[in-house]
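Summary of structural features
So you can see what is in the structure, the chains are spelled out below.
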Amino acid sequence: MTREQLAAALTLNGCDAAHEARARLLAGADFTWLSDGHRAQSAHRYWDVWSWRLEVMLDTGVMPRPGLAEAVAHLRAAGEAETHLATVSAPDRRFTVFLSADLTSCIACT
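In this report, we go over the structure that sits alongside the text. In this convention, every chain numbers its residues from 1, walking through the sequence in written order. Local features in this predicted model are restricted to residues of pLDDT 70 or higher, and side-chain atom pairs are both shown and tallied only at a pLDDT of 80 or more, whereas totals for entire chains, interfaces and linings draw on every residue. Side-chain numbers come from the whole structure's heavy atoms, not from hydrogens or water.

**With respect to the nonpolar core**
With 19 residues, the main nonpolar core has Leu6, Leu10, Val88, Val97, Leu99, Cys106 and Cys109 as its most contacted residues. In this view, Cys106 contacts Ala9, Leu10, Asn13, Ala18, Val97, Phe98 and Leu99; residues no more than four positions away in its chain are not counted. Grouped together as the second largest cluster of nonpolar side chains are 13 residues, Tyr46, Leu68, Leu85 and Ile107 included. Among buried residues, the Ala, Val, Leu, Ile, Met, Phe, Trp, Tyr and Cys ones that are joined through side-chain atoms within 4.5 Å form a nonpolar core. Between buried and exposed lies partly exposed: a residue is buried under 20% and exposed over 50% of the maximum accessible area for its type, with that area taken using a 1.4 Å probe on protein chains only. Residues count as neighbours in contact if any of their non-hydrogen atoms are within 4.5 Å of one another.

**As for the pairing of strand S4 (residues 93-100)**
For S4, a buried count of 7 out of 8 residues is recorded, marking the element as mostly surrounded by other parts of the structure. In this structure, strand S3 (residues 82-90) lies alongside S4, joined through 8 bridges in antiparallel fashion. When the bridges of S4 are listed, Ala86 appears paired with Val97. In this analysis, strands are considered paired if DSSP registers two or more bridges between them. Counting from the N terminus, the helices are DSSP H or I runs at least four residues long and the strands are E runs at least two residues long. Taking the residues that link successive antiparallel strands as the turn, the S3-S4 hairpin has 2 residues.

**What to know about the packing of aromatic side chains**
The geometry of an aromatic ring pair comes down to the distance between the two centres and the angle between the two planes. Two rings belonging to Phe, Tyr or Trp (six-membered ring only in the last case) form a pair when the distance between their centres is within 6.5 Å. Interplanar angles under 30 degrees mark stacking, angles over 60 mark edge-to-face geometry, and anything in between is tilted. Applying the stated rule across the entire model yields 2 aromatic pairs. Residues Trp50 and Phe98 carry aromatic rings whose centres are separated by 5.7 Å and whose planes lie at 90° to one another, so their mutual orientation is edge-to-face. Here the residue Trp50 occupies a position in helix H3 (residues 43-60), and Phe98 occupies one in strand S4, the gap between them amounting to 48 residues. Judged on exposure class, the residue Trp50 and its partner Phe98 are both buried. Ring pairs connect the aromatic residues Tyr46, Trp50 and Phe98, which therefore count as one cluster. Its end group placed over the ring of Trp50, Arg53 keeps NZ or CZ at 4.4 Å from the ring centre. Here, a charge over a ring is recorded when the distance from Lys NZ or Arg CZ to the ring centre is within 6 Å and its angle to the ring normal is within 35 degrees.

**Digging into the pairing of strand S5 (residues 106-109)**
Bridge count between S4 and S5: 3 bridges; the pairing is antiparallel. What sits directly across from Leu99, in S5, is Cys106.

**Quick notes on the pattern of salt bridges**
By convention in these notes, a salt bridge is any Lys or Arg side-chain nitrogen within 4 Å of a carboxyl oxygen on Asp or Glu. Under the counting rule described, the total for this entry stands at 3 salt bridges. Here Glu20 and Arg24 are joined by a salt bridge, their closest N and O atoms 2.9 Å apart. Residue Glu20 and its partner Arg24 are located together in helix H2 (residues 16-26), separated by 4 residues, close to a single helical turn. For Glu20, a relative accessible area of 28% translates into the label partly exposed. In this structure, Arg93 and Glu20 form a salt bridge, with 3.3 Å as the shortest nitrogen-oxygen distance. With Arg93 in strand S4 and Glu20 in helix H2, this residue pair connects regions lying 73 residues apart in the sequence. Put simply, Glu20, Arg24, Asp92 and Arg93 are held in one network by salt bridges that share partners.

The values are spatial; any link to function lies outside them.
Okay, structure coming up:
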(Lines give C-alpha, C1' and ligand atoms only; values in the text may rest on other atoms or scores of the structure.)
Protein backbone atom coordinates (compact mmCIF):
# COMPACT_ATOMS: atom_id res chain seq x y z
CA MET A 1 0.00 0.00 0.00
CA THR A 2 1.30 3.43 -0.90
CA ARG A 3 0.80 6.75 0.84
CA GLU A 4 -1.32 7.91 -2.11
CA GLN A 5 -3.57 4.82 -1.98
CA LEU A 6 -4.15 5.28 1.74
CA ALA A 7 -4.90 8.99 1.30
CA ALA A 8 -7.41 8.19 -1.46
CA ALA A 9 -9.14 5.57 0.71
CA LEU A 10 -9.38 8.01 3.64
CA THR A 11 -11.01 10.59 1.35
CA LEU A 12 -13.98 8.27 0.86
CA ASN A 13 -14.88 8.17 4.56
CA GLY A 14 -16.81 11.16 5.86
CA CYS A 15 -15.78 10.94 9.51
CA ASP A 16 -13.62 13.58 11.16
CA ALA A 17 -10.94 11.06 12.19
CA ALA A 18 -10.46 9.93 8.57
CA HIS A 19 -10.14 13.53 7.37
CA GLU A 20 -7.65 14.31 10.12
CA ALA A 21 -5.65 11.13 9.43
CA ARG A 22 -5.53 12.03 5.73
CA ALA A 23 -4.33 15.56 6.48
CA ARG A 24 -1.61 14.23 8.77
CA LEU A 25 -0.62 11.60 6.20
CA LEU A 26 -0.30 14.21 3.45
CA ALA A 27 1.73 16.41 5.83
CA GLY A 28 4.26 13.60 6.16
CA ALA A 29 3.05 11.47 9.08
CA ASP A 30 4.34 7.91 9.11
CA PHE A 31 2.03 5.13 8.05
CA THR A 32 2.21 1.38 8.48
CA TRP A 33 0.38 -1.21 6.44
CA LEU A 34 -0.41 -3.80 9.14
CA SER A 35 -1.99 -6.41 6.87
CA ASP A 36 1.15 -7.04 4.83
CA GLY A 37 1.42 -10.81 4.50
CA HIS A 38 -1.78 -11.38 6.48
CA ARG A 39 -5.31 -12.29 5.48
CA ALA A 40 -8.07 -9.76 5.80
CA GLN A 41 -10.33 -10.22 8.82
CA SER A 42 -14.06 -9.64 9.01
CA ALA A 43 -15.13 -6.19 10.18
CA HIS A 44 -17.30 -8.00 12.74
CA ARG A 45 -14.19 -9.41 14.39
CA TYR A 46 -12.70 -5.93 14.73
CA TRP A 47 -16.08 -4.60 15.89
CA ASP A 48 -16.10 -7.22 18.65
CA VAL A 49 -12.74 -6.04 20.00
CA TRP A 50 -13.21 -2.31 19.55
CA SER A 51 -16.78 -2.22 20.90
CA TRP A 52 -15.55 -3.99 24.04
CA ARG A 53 -12.77 -1.40 24.42
CA LEU A 54 -15.30 1.41 24.08
CA GLU A 55 -17.64 -0.21 26.60
CA VAL A 56 -14.85 -0.64 29.16
CA MET A 57 -13.75 2.97 28.72
CA LEU A 58 -17.27 4.25 29.24
CA ASP A 59 -17.83 1.95 32.24
CA THR A 60 -14.62 3.10 33.92
CA GLY A 61 -15.00 6.80 33.18
CA VAL A 62 -12.16 6.96 30.67
CA MET A 63 -12.79 9.46 27.87
CA PRO A 64 -12.59 7.58 24.54
CA ARG A 65 -10.49 9.19 21.85
CA PRO A 66 -12.43 11.25 19.30
CA GLY A 67 -14.07 9.10 16.65
CA LEU A 68 -13.98 5.80 18.53
CA ALA A 69 -17.76 5.48 18.92
CA GLU A 70 -18.27 6.39 15.27
CA ALA A 71 -15.64 3.84 14.17
CA VAL A 72 -17.34 1.13 16.22
CA ALA A 73 -20.66 1.94 14.53
CA HIS A 74 -19.03 1.80 11.07
CA LEU A 75 -17.40 -1.56 11.84
CA ARG A 76 -20.75 -2.94 12.99
CA ALA A 77 -22.43 -1.72 9.81
CA ALA A 78 -19.71 -3.38 7.70
CA GLY A 79 -20.68 -6.79 9.13
CA GLU A 80 -18.65 -9.62 7.64
CA ALA A 81 -16.85 -7.47 5.06
CA GLU A 82 -13.19 -8.41 4.74
CA THR A 83 -11.06 -5.70 6.33
CA HIS A 84 -7.38 -4.74 6.39
CA LEU A 85 -5.58 -2.49 8.88
CA ALA A 86 -3.19 0.42 8.61
CA THR A 87 -2.01 3.10 11.02
CA VAL A 88 -1.12 6.74 10.55
CA SER A 89 1.26 7.99 13.24
CA ALA A 90 1.69 11.70 13.87
CA PRO A 91 3.77 13.03 16.78
CA ASP A 92 0.67 13.72 18.88
CA ARG A 93 -1.82 11.12 17.63
CA ARG A 94 -2.02 7.66 16.12
CA PHE A 95 -4.93 6.67 13.89
CA THR A 96 -6.11 3.12 13.24
CA VAL A 97 -7.54 2.78 9.74
CA PHE A 98 -9.85 -0.09 8.74
CA LEU A 99 -9.77 -0.60 4.96
CA SER A 100 -11.95 -2.53 2.53
CA ALA A 101 -10.55 -5.79 1.14
CA ASP A 102 -9.69 -4.10 -2.17
CA LEU A 103 -7.99 -1.22 -0.28
CA THR A 104 -10.02 1.42 -2.10
CA SER A 105 -12.09 2.72 0.81
CA CYS A 106 -11.84 3.38 4.51
CA ILE A 107 -14.49 1.48 6.46
CA ALA A 108 -13.67 3.16 9.77
CA CYS A 109 -10.97 5.29 11.35
CA THR A 110 -10.18 6.10 14.94
